Amino acid sequence: MLLIRCPYCQQTLPELEFTYAGQAHVARPDAANKQISDEEWRDFLFIRTNVKGPHYERWRHAHGCGRFFNAVRDTVSDRFLITYKVEDPRPELSDLLEKSE
Amino acid sequence: MTHFSALSLLKNALTGHKNWDAQWPDSQPKAEYDVIIVGAGGHGLGAAYYLAKEHGITNVAVIDKGWLGGGNTGRNTTIIRSNYLYDESARLYDHALDLWDGLSQELNYNVMYSNRGVLMLAHNVHDVQSFKRHIHANRLNGVDNTWLTPQEAKEYCPPLDISASARFPVMGAALQRRAGTARHDAVAWGYARGASQRGVDIIQNCPVTAIRRGPDGRVTGVETARGFIGAKKVAVSAAGHTSVVMDSAGVRMPLESYPLQALVSEPVKPVFPCVVMSNTVHAYISQSDKGELVIGSGTDQYTSYSQRGGLPLIEHTVAAICEIFPIFNRMRMLRKWGGIVDVTPDRSAILGKTPVPGLYVNCGWGTGGFKATPGAAHTLAWTVAKDEPHAINAPFTLERFATGRLIDEAAAAAVAH
Ligand SMILES: Cc1cc2nc3c(=O)[nH]c(=O)nc-3n(C[C@H](O)[C@H](O)[C@H](O)COP(=O)(O)OP(=O)(O)OC[C@H]3O[C@@H](n4cnc5c(N)ncnc54)[C@H](O)[C@@H]3O)c2cc1C
Ligand SMILES: [Zn+2]
């Protein structure tokens, strides 16, 4: 069972309290202001990095505070490098890897 | 190579089974091939077999990062059925089922295909409606699938608890009698043997690290742990690792990789006559010919390449099994494992050409591609040989995610299959 730290509650809790919500930082195309092609919609809706390694992703503390937050998790070891609030900037991978050495 | 028969069995019995030949050589890579297939699972090996047998293309290598059949082919719960909702899926899976029927004879290798029937339990009104819809759609497509009352389901599968007080009441079931199971390893071995007999090289423990393209964009070969190997055509059939391999050719895939788990019990005498699936409570169960109960679980909620999977899922699955089959309450489980499955947004496979000339892909089989093995392999070989879609795999394009022409089995079943 994964242990996940909710950045809002500041507590490390069992995976069962959380739901996974897919890749983080996927920006919706700006359809209000420009023409979006089928390929751009495809990329937004369906194409994911699916990386083998550090993965930027969203989680929701469903059975706690109920809030969405972001995380970087290594998909090979399932180890979390960091969890951070939605309003926090996307952390640089190089900084995270340095810290976790 | 030995032709298996009663006579060869008898002859080898007399010498204590010590003189059987190796079934395929451990090949070393040549400098160049007409076709390289990345991934020696059932799909990749099968495609090599049909390329050689039906299209006369024998200068072929199947390359795997591990042992052949060590991926999901050797890790699945072997459920075979074809009662899918949409016409496209019904055609593809039923084509596979037709091939399963004669596969042992075709390969001269016993794949132990057993059409013992797959029973899908309906626990609520939604299940009843959705299964009946499947049954009607299947009938129009000539795919066998029938509705059973709870009593009929109990007759077909006596260990089932259909009492009114059951936590997951059985309101009926859909039965596909032609469906069943097969010996997963034997499928990989049978295709490997048949392909290698016809000149295909099977190269194991040799990860493909990148796909190489020439200045015109065409595929030129693959980079591997044992150096560059040239190829006129490359077909990627690497299940959970497909997006990683395709990335190196500059093709981004609509795939996410999740761990999917299964477990087996200690072996016991025959108690369980068929396959039972309960989509609503996420439990699949059958009994292998060795006597173990084979139990399938769900996917973890998060993407991962850990090939392990989390314990909460196992607990959930076992709890569901014990509710539906109280007789298994005190069975001991022997081992559990995980495989990495490649899931598409519509839960249908991607099988065909790619934007890169000479590059083909077979993936997205997710939690349910073992049953498709002969059909996927057979039509992939066609597409690679002729550089055009086969009538059956034609709808399963990569482009559908841009055109919107999805084959939305995800919405149809809403669960693993
Ligand atoms: C627990 C579990 C239960 C399942 N139950 C069922 C079921 O009951 N019914 C059903 O129909 N399906 C089931 N499935 C799904 C089924 O197993 C798969 O869809 C099917 O086996 C896929 O076959 P394949 O040949 O495409 O993939 P695999 O057998 O996984 O073969 C892919 C191969 O590619 C190799 N590879 C990956 N990357 C590289 C690389 N870079 N270089 C070289 N080689 C590489 C891997 O080592 C692997 O051997 C289940 C899966 C799991 C994990
Ligand atoms: Zn919280």
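Here the structure is a predicted model, which means the values were calculated and not measured. (Residues numbered from 1 in each chain as written. Chains lettered and ligands numbered in written order. Predicted model: local features only at pLDDT ≥ 70, side-chain atom pairs only at ≥ 80, totals over all residues. Heavy atoms only, no water.)

## Comments concerning the pattern of salt bridges
Defined as follows: A pair is scored as a salt bridge if a Lys or Arg side-chain nitrogen falls within 4 Å of a carboxyl oxygen belonging to Asp or Glu. Classification of residues uses two cut-offs on accessible area relative to the type maximum, computed with a 1.4 Å probe and protein chains only: under 20% is buried, over 50% is exposed, and between them is partly exposed.
By the definition in use, this model includes 18 salt bridges over all chains. Between D78 of chain A and R73 of chain A there is a salt bridge; the shortest N-O distance is 2.9 Å. The exposure classification of D78 of chain A matches that of R73 of chain A, with both residues buried. Of the charged contacts, one joins K53 of chain B and E54 of chain B as a salt bridge, the two residues approaching to 4.0 Å between their closest N and O atoms. One network of salt bridges, in which partners are shared, links D94, D98, D101 and R178 of chain B.

## Brief notes about the site of ligand 1
All names here are of chain B. Rules: One heavy atom within 4 Å of a molecule or strand makes the whole residue count as near it. Pairs of N or O atoms are called polar contacts if they sit within 3.5 Å, as long as, within protein, a hydrogen donor faces a hydrogen acceptor (for residues adjacent in sequence, only side-chain-to-side-chain pairs). Where helices and strands are cited, they refer to DSSP runs of H or I of at least four residues and of E of at least two residues respectively, numbered from the N terminus. Following the grouping adopted for this structure description, the nonpolar residues are Ala, Val, Leu, Ile, Met, Phe, Trp, Tyr, Cys and Pro, the charged ones are Asp, Glu, Lys and Arg, and the polar ones are all others, Gly among them. For the domains described, the bounds stem from an automatic or database domain assignment.
The immediate surroundings of ligand 1 are formed by 35 residues, with D64, N72, T73, T77 and K371 found nearest. In the model, an oxygen atom of ligand 1 is placed 2.6 Å from a nitrogen or oxygen of the T77 side chain. One of the backbone N or O atoms of K371 is found 2.8 Å from an oxygen atom in ligand 1. Those elements that place two or more of their residues in the shell around ligand 1 are α2 (42-55), β10 (256-265) and β14 (333-343). Of the residues assigned to the shell around ligand 1, the class counts are 13 nonpolar, 18 polar and 4 charged. Built from parts of two domains, the shell around ligand 1 gets at least three residues from each of domain 1 (6-78 + 184-254 + 346-403) and domain 2 (115-180 + 256-343).

## Structural notes on the packing of helix α3 (residues 87-107) of chain B against helix α6 (residues 184-197) of chain B
Two quantities define a packed helix pair, namely the angle between the helix axes and the distance between the axes. Residue and element names in this part refer to chain B. To keep it simple, the criterion reads: Under this scheme, a helix contributes an axis fitted over its contacting stretch, all axes are lines through C-alpha atoms, and angles between N-to-C directions fall in the 0 to 180 degree range. Orientation is classified from the angle alone, with under 35 degrees giving roughly parallel, over 145 giving roughly antiparallel, 65 to 115 giving roughly perpendicular, and any other angle giving oblique. Should the near helix be turned anticlockwise from the far one by less than a right angle, the crossing is termed left-handed; should it be turned clockwise, right-handed. Note on contacts: a residue pair qualifies if any of its non-hydrogen atoms lie within 4.5 Å across the two residues.
Axis separation between α3 and α6 bottoms out at 10 Å; the angle between their running directions is 45°. Judged by the angle between their axes, α3 and α6 are oblique. Crossing hand, α3 versus α6: left-handed. Here α3 contributes W100, L103 and L107 to the contact with α6, which in turn contributes V187, G190, Y191 and R193. By residue class, the composition of the contact of α3 with α6 is 5 nonpolar, 1 polar and 1 charged.

## Looking at the coordination of the zinc ion (ligand 2)
Under ideal tetrahedral coordination, the four donors around a metal are separated by 109.5 degrees; under ideal octahedral coordination, the six donors are separated by 90 or 180 degrees. Residues and elements named next belong to chain A. Using the following cut-off: Any nitrogen, oxygen or sulfur atom within 2.8 Å of a metal ion counts as a donor, with the limit raised to 3.2 Å for Na, K and Ca, and since water is left out, coordination shells can look unfinished. By the criteria applied here, four donors are tetrahedral when all angles lie between 85 and 135 degrees, four are square planar and six octahedral when opposite donors are over 155 degrees apart and every other angle lies between 65 and 115, and any other arrangement is irregular.
Bound to the zinc ion (ligand 2) are the protein donor atoms C6 (SG), C9 (SG), H61 (ND1) and C65 (SG), situated 2.0 to 2.3 Å from the metal. Metal-centred angles of 106 to 113° between the 4 donor atoms at the zinc ion (ligand 2) mark the site as tetrahedral. Here the donor residues of the zinc ion (ligand 2) share one chain and are spaced in sequence as C-x2-C-x51-H-x3-C. A residue pair is termed long-range when its members are at least 10 positions apart, and C9 in the loop between β1 (3-6) and β2 (11-14) and C65 in the loop between β4 (54-60) and β5 (68-74) qualify at 56 residues. You can call C9 partly exposed: its relative accessible area is 30%.

## A look at the domain arrangement of chain B
Residue and element names in this part refer to chain B. Rules: Reported buried area values correspond to the accessible surface (1.4 Å probe) lost by two parts on association, with both partners' losses combined.
Domain annotation for chain B reports domain 1 (6-78 + 184-254 + 346-403) and domain 2 (115-180 + 256-343). Placing a centre on the C-alpha atoms of domain 1 and another on those of domain 2 gives a separation of 29 Å. Taken together, the 17 residues of domain 1 in the interface contact 18 residues of domain 2. Overall, the association of domain 1 and domain 2 removes approximately 1300 Å² of surface from exposure, summing both partners, and the carbon and sulfur fraction of that is 52%. At the junction of domain 1 with domain 2, the criterion picks out 0 salt bridges. Our enumeration of links across domain 1 and domain 2 arrives at 7 residue pairs in polar contact (both at pLDDT 80 or more). Of all the elements, helix α7 (residues 242-247) adds the most residues to the side of domain 1 that touches domain 2, at 3 residues. Across the side of domain 1 that touches domain 2, the residue classes tally to 5 nonpolar, 10 polar and 2 charged.

## Some remarks on helix α8 (residues 311-324) of chain B
All names here are of chain B. Just so we agree on the cut-off: To estimate how far a helix should extend, the number of its residues minus one is multiplied by 1.5 Å.
Along its 14 residues, α8 runs 20 Å from first to last C-alpha, staying within 8% of the 20 Å computed at 1.5 Å per residue. Buried within α8 we find P312, L313, I314, T317, A320, I321, C322 and I324. Residues of α8 that are buried in the fold lie against β3 (118-122), β10, β11 (275-278), β12 (283-287), β13 (293-299) and β14.

## Remarks on the packing of α2 of chain B against α6 of chain B
Residues and elements named next belong to chain B. Following both chains from N to C, one finds α2 and α6 inclined at 30°, their axes separated by 8 Å at the closest point. Taken together, the axes of α2 and α6 lie roughly parallel to each other. Between α2 and α6 lies a crossing of left-handed hand. Here G42, L45, G46, A48, Y49 and Y50 of α2 come into contact with α6, specifically with A188, Y191, A192, G194 and A195. Tallied by class, the residues present in the contact of α2 with α6 amount to 8 nonpolar, 3 polar and no charged.

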